[in-house]
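Chain by chain, the residues run as shown.
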2 protein chains.
Amino acid sequence: MPVEMARRNYIFDTIRQVFKTFAFEPIETPSLENLSTLMGKYGEEGDKLLFKVLNSGDFMKDVDFGQDYHKVAPQICERGLRYDLTVPFARFVVQHRDQITFPFRRYQLQPVWRADRPQKGRYREFYQCDADMIGSTSLLNELELVQMIDVVFQRLAIRTCVKINNRKVLAGIAELIGAADRIVDITVAIDKLDKIGLDNVRAELAERGLTAQQVAALDPVFALAGTAAEKLDALDSIFASVEVGRQGVAELRELFGYIADAQPQCQVELDLTLARGLNYYTGAIFEVKALDVQMGSICGGGRYDNLTGIFGMPDVSGVGISFGADRIYDVLTELDAFPADLNRSAKAMFINFGPAEQRACVAIAARLRAEGIAVLIYPDQAKMKKQMDFANRKAIPFVIFIGESEIANGTATLKDMVSGNQTTMPIDQLIAHLK
Amino acid sequence: MPVEMARRNYIFDTIRQVFKTFAFEPIETPSLENLSTLMGKYGEEGDKLLFKVLNSGDFMKDVDFGQDYHKVAPQICERGLRYDLTVPFARFVVQHRDQITFPFRRYQLQPVWRADRPQKGRYREFYQCDADMIGSTSLLNELELVQMIDVVFQRLAIRTCVKINNRKVLAGIAELIGAADRIVDITVAIDKLDKIGLDNVRAELAERGLTAQQVAALDPVFALAGTAAEKLDALDSIFASVEVGRQGVAELRELFGYIADAQPQCQVELDLTLARGLNYYTGAIFEVKALDVQMGSICGGGRYDNLTGIFGMPDVSGVGISFGADRIYDVLTELDAFPADLNRSAKAMFINFGPAEQRACVAIAARLRAEGIAVLIYPDQAKMKKQMDFANRKAIPFVIFIGESEIANGTATLKDMVSGNQTTMPIDQLIAHLK
């Protein structure tokens, strides 16, 4: 509906405007990708949630339908619908590598599709708003992402906390407790800390095959407290003999230094329990929470050192974030923080009194529209009450009367629908007033 | 690619801005519709071109694959991709009838999909830009569509001719020659006049079963000449005993009167051979051609009296137009009429001299970005030549140097990349200059 469109566009426009001032360039990728590009990129669960598109023509030719449906599907469907913006972006970068000047900053606002059961906050089709910088390892990129998050949510009037961690620190922790090969299990479990609590995370780690000793060895990490600097100092000693961990700490220290200089208005927090589910992250990871609303993360991202590797272009480091437009929509709704006049279809409506008056309205409307003012001429010569009811129902703030005397005098009568005040004025003044 | 995006967005933004000043409201519909909503709405050829989406889970359960693939497809695919914006709009209006205030003006800019063989000017995924007004029979609506066409193409600097006809006139012609039931055959053949010439249209009409007498009876219609008013006068006598034809003439006369008053800059022409393929039109029909480029129609539309009838809501008249964004893109490319600075990623780039200088750049960049100026800090401390090469390749018009002396003096050195001029100035002046 128009009101939802206006609200969503308010979010998109805010995000897009910020992306632009940080010199990100827009791209779009096709909705349909080769299924082979998508399969295996989002885990087993992701493969199930891919929408597959039936081949055109006789899709049944030479297909043996005596097999399991999992095996039949890719034979009758060559293409699938975009599942996220990251994998198509990686495919795009590899395909257009010769036309792209690196480092490359792109943003992309497009719908993605998941064959999920729809429920509150989870849709089959929803928009992602991604910004990535690729081809540079500088931590200035990470800083700028934090700045963009800060400015976007300032403009949307949502108070936020940006949580930051680094995958190398998590790798260091895994190595520290002698379970370097179990980093995925460890991060998946740690990632749930917020939701299920420390005891359940411990239980899950044990279930995933860590020894009691290994689980206990994580306690000093969970116990870290204080400012980011204090936590990082403590980690430096914990990681005395763990190279990758120290590297993660050094990166975090540099980034937090940049952030301290830049003084964002949002809260920024080092959260060592932040892991994020996706396993292609290799450096910084981000997650943004709204402070005044109970809601999952409304923005997230991180650095990946080899995203394009799966498409044959190794060693290209990138870092990016994705704004969750639908959750931001829900936060703004709960905060009642959408601007009030977003869904204004017309600034003014002309009452239609008949052919001669309509003709005068058309001429004046053309002048108003040329000035960028949205106006409507009621199209039918309906009863006055019907026309006024329409203006009221559409919450149009002004109604314009052009009758015989207005035509004769070159004037218009403007009625303010809120105050009820009615003023007759020359057309130039009408234009100035509505502008 | 970003350059294509910038150009396409220039077209979209122009169209959207005009739609808005005419008080049209935006809606979007889901990409996936029930296949039953789409099938049978676009003719046999259209059904073939629908992208069908495989059901999730075990799509093979209880399906007999021993049948023709045409029969199997709808059993294993409940949903299909949007084929145009008109049928989903009709479905939307019927579904939301209780929330909509009529007359309702909506616009919609979304991609549609067709399982066609891709070729120049024909894509599997392309955007349509539609505006429809529904729930009013006033011909003022038709006038406003012509005005919107006029303003859009004025702003895009494309000289155009708007061709107008009325389906009732075509129905009158069919009735006149005693072939009222053959109106579809007649309009399909007439529609090709531009492409295949009069003789071939005559041959096709004969092929489609019209008698030689009937084909000959069309000659006075093809022979009509002169201004719109002259043609309409002549038609009034031809239609002396054909009620529907006279009604079409009356509508055209009223509309052309409105247009004469409104004085659009585009050419407007009554074209009695204009038929348009789609058969749901019942009144005015429109088609727009670019004057300076050889190209199919770049915009088209018409009035339909019963579009929502197929979804159980009869007798709702509407009229709408659809801009062909891809063809408009091609026209602008051929005319070389895209604004020159559309694809400017950044107005200025800061050279990165090292940590201390970068820190100063971050602070200045934040101020510039807050003013809406797109700037970039080169993220790595690369060699000067590499950084300057990057700015050149990206066509960034200004480069900013913040070195030791600039930091000490609170200044910036701005280099104009076109003239080569270099000026050192206070930061406030830098902001004012770039703004």
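Here goes a summary of the coordinates provided. Note that this is a predicted model, so its numbers are computed, not measured. (Residues numbered from 1 in each chain as written. Chains lettered and ligands numbered in written order. Predicted model: local features only at pLDDT ≥ 70, side-chain atom pairs only at ≥ 80, totals over all residues. Heavy atoms only, no water.)

Looking at the relation of the copies chain B and chain A
Rotating chain B by 180° about the axis while translating it 0.0 Å along that axis superimposes it on chain A, leaving an RMSD of 0.1 Å. This pairing of chains is accounted for by a two-fold axis. When C-alpha positions in chain B are compared against the rotation axis, the closest is assigned to Val53(B), at 2.2 Å. Here 100% of the interface residues in chain B have copies in chain A that are interface residues too; the copies meet face to matching face. (Least-squares fit on C-alpha atoms with pLDDT ≥ 70 in both. Contact = heavy atoms within 4.5 Å.)

Quick notes on empty space enclosed by the protein
Enumeration according to the criterion identifies three cavities of 30 Å³ or more in this entry. The volume enclosed by the largest cavity comes to roughly 110 Å³. If you trace the largest cavity, you find 13 residues lining it, with Leu376(A), Phe390(A), Ala23(B), Pro103(B) and Arg105(B) closest to the centre. The class makeup of the residues in the lining of the largest cavity is eight nonpolar, two polar and three charged. By volume, the second largest cavity is sized at about 60 Å³. Lining the second largest cavity, in full, are Ala23(A), Glu25(A), Pro103(A), Phe104(A), Arg105(A), Ser345(B), Leu376(B), Phe390(B) and Lys394(B). Classifying every residue of the lining of the second largest cavity gives five nonpolar, one polar and three charged. (1 Å grid on protein atoms, 1.4 Å probe; cavity = no way out; pocket = protein on both sides within 12 Å on 5 of 7 lines; lining within 4 Å. Points joined across faces, edges and corners; volume = space filled by probe spheres on them. Nonpolar A, V, L, I, M, F, W, Y, C, P; charged D, E, K, R; others polar.)

A short note on the sheet that holds strand β7 (residues 160–166) of chain B
Residue and element names in this part refer to chain B. One open sheet accounts for eight strands, arranged β1-β5-β6-β11-β10-β9-β7-β8; its pairing is mixed. With partners counted over all chains shown, the strands left at the sheet margins are β1 (25–26) and β8 (267–270), one partner each. Relative to strand β11 (residues 318–324), strand β6 (residues 125–134) runs antiparallel, the two sharing seven bridges. Bridge pairing in β11 links isoleucine 134 to glycine 318. Its contacts with the sheet place helix α7 (residues 167–176) against β7 and β9 (284–290), and it is angled at close to 50° to β7. The strands touched by helix α13 (residues 243–262) are β7, β8 and β9; relative to β7, the strand with the most contacts, the crossing angle is about 150°. (Pairing = 2+ DSSP bridges. Helix = DSSP H or I, 4+ residues; strand = E, 2+ residues; numbered from the N terminus. Axes fitted to C-alpha atoms, helices over the stretch in contact; angles between N-to-C directions.)

Some words on the packing of helix α15 (residues 355–370) of chain A against helix α6 (residues 140–155) of chain B
The interhelical angle for the contact between α15(A) and α6(B), taken along N-to-C directions, is 30°, at an axis separation of 12 Å. If you check the angle between α15(A) and α6(B), you find them roughly parallel. Considering how the two elements wind past one another, α15(A) and α6(B) form a crossing that is right-handed. In this structure, α15(A) contributes Gln358(A), Val362(A), Ala366(A), Arg369(A) and Ala370(A) to the contact, and α6(B) contributes Leu140(B), Leu143(B), Glu144(B), Gln147(B) and Arg155(B). (Parallel < 35°, antiparallel > 145°, perpendicular 65-115°, else oblique. Left-handed = near helix turned anticlockwise from the far one by under 90°.)

So, the interface of chain B and chain A
Chain B puts 82 residues into the contact, and the matching count from chain A is 82 residues. Summed over the three residues of chain B that lose the most area to chain A, namely Met1(B), Tyr69(B) and Arg369(B), the buried surface amounts to 10% of that side. On the surface where chain B and chain A come into contact, there are eight salt bridges. Where chain B touches chain A, the interface holds 24 residue pairs in polar contact (both at pLDDT 80 or more). (Buried area = accessible area lost by both parts, 1.4 Å probe. Salt bridge = Lys/Arg side-chain N within 4 Å of Asp/Glu carboxyl O. Polar contact = N/O pair within 3.5 Å; in protein donor to acceptor, adjacent residues only side chain to side chain.)

Function-wise, these values are silent; they only describe arrangement.
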